[in-house]
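# Structural characterization, general
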Amino acid sequence: MTREDRLEILFDEQALKQAVFELAAQISRDYAGKELLLVCVLKGAAIFFADLARRLIIPAMFEFAQASSYGSGTVSSRAVAVSKDIGSDISGKHVLLVDGIIDTGATMDFLLKRYRERGPASLRTAVLLDKRAHRTVDVPIDYRGFEIPDRFVVGYGMDSGEKYRNLPYIAVVPPGDAAAP
Ligand code: IMP
Ligand code: MG
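Residues numbered from 1 in each chain as written. Chains lettered and ligands numbered in written order. Predicted model: local features only at pLDDT ≥ 70, side-chain atom pairs only at ≥ 80, totals over all residues. Heavy atoms only, no water.

### A few points about the overall build of the protein chain
For the protein chain, the helix and strand inventory stands at 3 helices and 9 strands. Each helix (α) and strand (β) of the protein chain, taken in turn from the N terminus, gives the series β-α-β-α-β-β-β-α-β-β-β-β. Going through the 181 residues of the protein chain one by one, you find that 46% of them count as buried. The long-range share in the protein chain, meaning contacts at least 24 apart out of those at least 6 apart in sequence, stands at 66%. Summing over all exposed atoms, the protein chain offers an accessible surface of approximately 9,100 Å²; the carbon and sulfur share of this is 50%. (Helix = DSSP H or I, 4+ residues; strand = E, 2+ residues; numbered from the N terminus. Buried < 20%, exposed > 50% of the residue type's maximum accessible area, 1.4 Å probe, protein only. Contact = heavy atoms within 4.5 Å. Areas by Shrake-Rupley, 256 points an atom, 1.4 Å probe, with all protein chains shown as cover.)

Right under this line is the structure:
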């Protein structure tokens with residue numbers, strides 16, 4: 001029995017596991033000898049973040065931030081609000097912002113500008129899914145799992161109206177089923 005029969009699976013558990021494994025290997029190599037501060041961009045990155053962190057073979061500290069572009073629907077607007085900020089001083093630290101998906105780029109752009117001002121030793125980005133065709137703000141992505149088409153996806157942390165986050169795979173919501181913008 002599947003949990004959601006109507007969903008079209010885009011990346012199954014095995015594909016996600018492999019992608020996370022490869023990203024973690026690359027990040028571990030790049031930050032060898034350094035101490036990494038991983039920032040989980042809530043809520044969508046939660047599952048990816050937890051899996052990625054466990055695959056790293058370098059020391060990593062955790063911080064959490066929550067930012068959202070206004071609205072809870074499928075259309076990203078460009079106004080970004082921070083509802084939870086990083087709780088510690090990041091100056092002199094090697095900071096890696098981890099998000100589940102980058103769409104217009106507005107959220108990541110906002111966070112990069114915000115945290116660059118705090119003087120980190122380095123500041124990079126990791127995203128599992130890149131909806132590149134939908135980008136309106138040019139944002140550097142240092143670590144990317146998959147590039148995906150401009151379709152609304154859920155699962156593995158990603159939601160539609162707060163639903164589907166706990167699915168272990170990434171799926172496409174049928175048209176008309178996604179939360180209204
Ligand atoms: P951006 O600011 O337009 O790049 O949007 C980033 C945020 O929009 C993500 O962190 C998600 O919360 C949300 N988002 C964009 N596309 C999707 C999607 O296909 N599924 C679920 N959430 C999405
Ligand atoms: Mg959402």
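### A look at the packing of aromatic side chains
A complete count under the given rule lists 4 aromatic pairs for this structure. Pairing F11 with F146 gives two aromatic rings, centres 3.9 Å apart and planes at 15 degrees, and the pair type is stacked. Residue F11 is located in strand β1 (residues 8–11), and its partner F146 is located in strand β7 (residues 143–147); the two are separated by 135 residues in the primary sequence. The class for F11 is buried, based on a relative accessible area of 12%. When the centroid spacing of 5.6 Å and the interplanar angle of 55 degrees are considered together, the rings of F49 and F64 count as tilted. With a gap of 15 residues between them, F49 in helix α2 (residues 46–55) and F64 in strand β3 (residues 60–69) connect regions that are remote in the sequence. (Phe/Tyr/Trp six-rings, centres within 6.5 Å; stacked < 30°, edge-to-face > 60°.)

### Notes on the environment of R29
Tracing the backbone through its elements, the reader meets R29 in helix α1 (residues 13–30). When its relative accessible area of 60% is taken as the criterion, R29 is described as exposed. A C-alpha to C-alpha distance of 8.8 Å links R29 and I57, two positions 28 residues apart in sequence.

### Focus: the site of ligand 1
Of all residues adjacent to ligand 1, which total 16 residues, the nearest are T104, G105, T107, K131 and V153. Measuring from an oxygen atom of ligand 1, one finds a backbone N or O atom of A106 at 3.5 Å. Burial of ligand 1 by the surrounding chains reaches 86%, relative to a free accessible area of 490 Å². At the level of elements, β5 (94–102) and α3 (106–116) are the ones that each hand at least two residues to the shell around ligand 1. The greatest single-element share of the shell around ligand 1, amounting to 3 residues, is contributed by β5. Partitioning the shell around ligand 1 into residue classes produces 6 nonpolar, 5 polar and 5 charged. (Near = heavy atom within 4 Å. Polar contact = N/O pair within 3.5 Å; in protein donor to acceptor, adjacent residues only side chain to side chain. Nonpolar A, V, L, I, M, F, W, Y, C, P; charged D, E, K, R; others polar.)

### Some details on the sheet that holds β7
With mixed pairing, 6 strands are arranged side by side in an open sheet as β4-β3-β2-β5-β6-β7. For this open sheet the edge positions go to β4 (80–84) and β7, each flanked by a neighbour on one side alone. Ignoring which end each strand starts from, the neighbouring axes of this sheet average 25 degrees apart. In this sheet, β5 lies alongside strand β2 (residues 36–42) in parallel orientation, the contact comprising 5 bridges. If you follow C40 over to β5, its bridge partner there is V98. Sheet strands touched by α2: β2, β3, β5 and β6 (122–130). Its angle to β2, the strand with the most contacts, is close to 160 degrees. (Pairing = 2+ DSSP bridges. Axes fitted to C-alpha atoms, helices over the stretch in contact; angles between N-to-C directions.)

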